[in-house]
Amino acid sequence: MDEEKKGISATIRRAEHFQVILIGEGIIVGGIAGLVVLLYRLLLENAGRWLQMILDFITGKPLWILLWFGVLVLLALLVAKLVDFEPLISGSGIPQLEGEMIGKIDQTWWRVLPAKFVGGFLCILGGLALGREGPSIQLGAMVGKGASRYLDRGKTEERYLLTCGASAGLAAAFHAPLAGVMFSLEEVHKNFSVSVLLSVMSASLTADFLCTAVLGTDSVFQFTLAETLPPEYYGLLVLLGCVLGLLGVFYNWFTLKVQSLYNHIPGLSTAGKILIPFLLAGVLGLVAPQLLGTGHSLVEELTAGGMAAGTMLFLVTGRFLFSAVSFGSGAPGGIFFPLLIIGAFIGGIFAQAGNWIFGIDMIYLNNFVLLAMAGYFTAIVRAPLTGIILIFEMTGTVSQLFSLAVVSICAYIVASLLKSEPIYESLLAGLLKRRGEQVKESGEKILREFVVGQGSAASGKLVRDLEWPRDSLLVAVKRGDRELIPKGSTRLFPGDSLVVMADEYDSADVIEKMEKICVR
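If you're wondering where the values come from, they're calculated on a predicted model, not measured in any experiment.

Caption draft 1: How the structure looks around the side chain of Lys-273. Tracing the backbone through its elements, the reader meets Lys-273 in helix H11 (residues 270-287). Despite its burial, Lys-273 remains without a salt bridge, the nearest opposite charge being carried by Asp-84 at 8.7 Å.

Right under this line is the structure:
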């Protein structure tokens, strides 16, 4: 009992200096994660170029085509070996991180880092329609976990460093430091406390600085908006948001359905699953090479103008299907970037249809491309702030914030009304179901902060009047710059930050119950 009390006291004392400590640790994690993801990004860009060179070389040469299919089989087997070696590198990596944040998954960082790095590279070299963002976020988070283990930090700080690494990973992948911060807070940590905000900003800015020093300041997508949308088009923003909400719901359903079909094919091994998209990539490389890889160049071609509606429809359908087949196989790679490409083409098709029906001037094509990317992302991931910030950082334009907000909100509402779960939460639920929700019961104490929301169960109540989660301890109430020692007579107000301690293996249940208390 004395040992436990000493451990609790040490954890509380260290929490008093979290803000300063975490800023320094955030810079360290951001620097290392930025370098890892920068190298990963450069390797993937070269993989795309090498793939194009290979396809150009083998065109019209049957023997070389046969040899290339043999190489694809070898690549598929190597990726399958890596997935069998470390199953948690499968897919995006974001659900795995979210599972770790709630104590349901314990990733071995020194296994995940090299396996995900190499596996993601091989998949892009093979032409699979996968993104770099999920792997980049997982790689960054594993750098954070490695730093935590090296510095011998507790579980509370480790979760902060995981969040810092995730933020740095996204910032480095897309030259989007603010989106990295927002995604980590909105989707990963699900908490906006000052401590995590400052440390995550430090990590994200450090990683972005390193990537900018090497790659320059150019945004990911290089296209311009000739004009801002006139007010008479604002009604179309609502229509576009509703369309994107419906299509986002379908995307989530279809992605999960394809993943389920893979898992229900009798006797299909990991190698068999991954071999399917690699062989399909070989066929597409001969007949429709534009469907391979990340699809970055397609957006530039689309926004340059002159692409026919039939071509847009073919490309969006082909990429939608091949992306689902690639991701559903369990190959290491994300859906973040591919869904942005699909969203861009939905926007292009919407603008073309609007031109026929409503007489929309095609000078606004790029506006609708940009808006659809943000709305589609919001409908699928259910992180509207991240979507808005990400798009304006990736495109370098800030003139469409009002339009982005309208489209994103409408897409969010439609997806929510149709009761479609956010894609990463659905993927995490499936992952935990397959793993049997294994939890490593270390018994270590962790601290989490929960902000009292306006109109929540805790708002205006005395501490003694609330039903607190079992196996948890309210250790502090942060109110502005003051930190109060909670008593039964302490009244809670909106904006108060509640610091709660729990055992690691109880944290998932404690988090769920605290969110019900603090969120309206």
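Caption draft 2: Seen up close, the nonpolar core. Formed by 136 residues in total, the largest nonpolar core has its most connected members in Phe-183, Phe-278, Phe-336, Phe-345, Tyr-376, Val-381 and Tyr-424. Residue contacts for Tyr-424: discarding those within four places in its chain leaves Ser-92, Ile-94, Pro-95, Glu-98, Phe-183, Glu-187, Ile-335, Phe-336 and Val-381. Core analysis: the next-biggest nonpolar cluster, separate from the first, contains 16 residues, Ala-458, Leu-466, Leu-498 and Cys-518 among them.

Caption draft 3: Geometry of the packing of helix H4 (residues 94-101) against helix H7 (residues 155-174). Relative to each other, H4 and H7 sit at 160 degrees, their axes nearing to 10 Å. Accordingly, the angle class assigned to the pair H4 and H7 is roughly antiparallel. Every pair of crossing elements has a handedness; the one defined by H4 and H7 is left-handed. In contact with Leu-97, Glu-100 and Met-101 of H4, H7 contributes Glu-158, Arg-159, Leu-162, Thr-163 and Ala-166.

Caption draft 4: A look at the packing of H4 against helix H8 (residues 177-189). It is at 10 Å that the axes of H4 and H8 come closest, and there the two elements cross at 65 degrees. In terms of orientation, H4 lies roughly perpendicular with respect to H8. Across the interface between the two elements, Ile-94, Leu-97, Glu-98 and Met-101 of H4 pack against Phe-183, Glu-187, Val-188 and His-189 of H8.

Caption draft 5: The arrangement of helix H13 (residues 309-328) in detail. With 20 residues, H13 ought to run about 28 Å at 1.5 Å a step, and its terminal C-alpha atoms sit 28 Å apart, in line with that. Every buried residue of H13 is listed here: Met-312, Leu-315, Val-316, Gly-318, Arg-319, Phe-320, Phe-322, Ser-323, Ala-324, Ser-326, Phe-327 and Gly-328. Gly-330, located one to two residues past H13, shows a positive phi value of around 90 degrees.

Caption draft 6: Geometry of the packing of aromatic side chains. Tallied over the full model, the rule gives 18 aromatic pairs. On the numbers, 5.8 Å between centres and 65 degrees between planes, the contact of Phe-174 with Phe-336 is edge-to-face. Here Phe-336 lies in helix H14 (residues 336-357) and Phe-174 lies in helix H7, a separation of 162 residues in the sequence. Of the two residues, Phe-174 and Phe-336, both sit in the buried class. Taking the centre distance of 5.4 Å and the plane angle of 45 degrees together, the rings of Tyr-234 and Phe-402 count as tilted. Within this pair, whereas Tyr-234 is found in helix H10 (residues 234-263), its partner Phe-402 is found in helix H17 (residues 401-417), the two being separated by 168 residues in sequence. Grouped by ring-pair contacts, the aromatic residues Phe-174, Phe-183, Phe-336, Phe-337, Phe-377 and Tyr-424 constitute a single cluster. One Lys or Arg, Arg-382, reaches over the ring of Tyr-412 and ends 5.9 Å from the middle of that ring.

Conventions we followed
Residues numbered from 1 in each chain as written. Predicted model: local features only at pLDDT ≥ 70, side-chain atom pairs only at ≥ 80, totals over all residues. Heavy atoms only, no water. Helix = DSSP H or I, 4+ residues; strand = E, 2+ residues; numbered from the N terminus. Buried < 20%, exposed > 50% of the residue type's maximum accessible area, 1.4 Å probe, protein only. Lys, Arg positive; Asp, Glu negative; His and termini not counted. Salt bridge = Lys/Arg side-chain N within 4 Å of Asp/Glu carboxyl O. Core = buried A, V, L, I, M, F, W, Y, C linked by side-chain atoms within 4.5 Å. Contact = heavy atoms within 4.5 Å. Axes fitted to C-alpha atoms, helices over the stretch in contact; angles between N-to-C directions. Parallel < 35°, antiparallel > 145°, perpendicular 65-115°, else oblique. Left-handed = near helix turned anticlockwise from the far one by under 90°. Expected span 1.5 Å × (residues − 1). Phe/Tyr/Trp six-rings, centres within 6.5 Å; stacked < 30°, edge-to-face > 60°. Lys NZ or Arg CZ within 6 Å of the ring centre and 35° of its normal.

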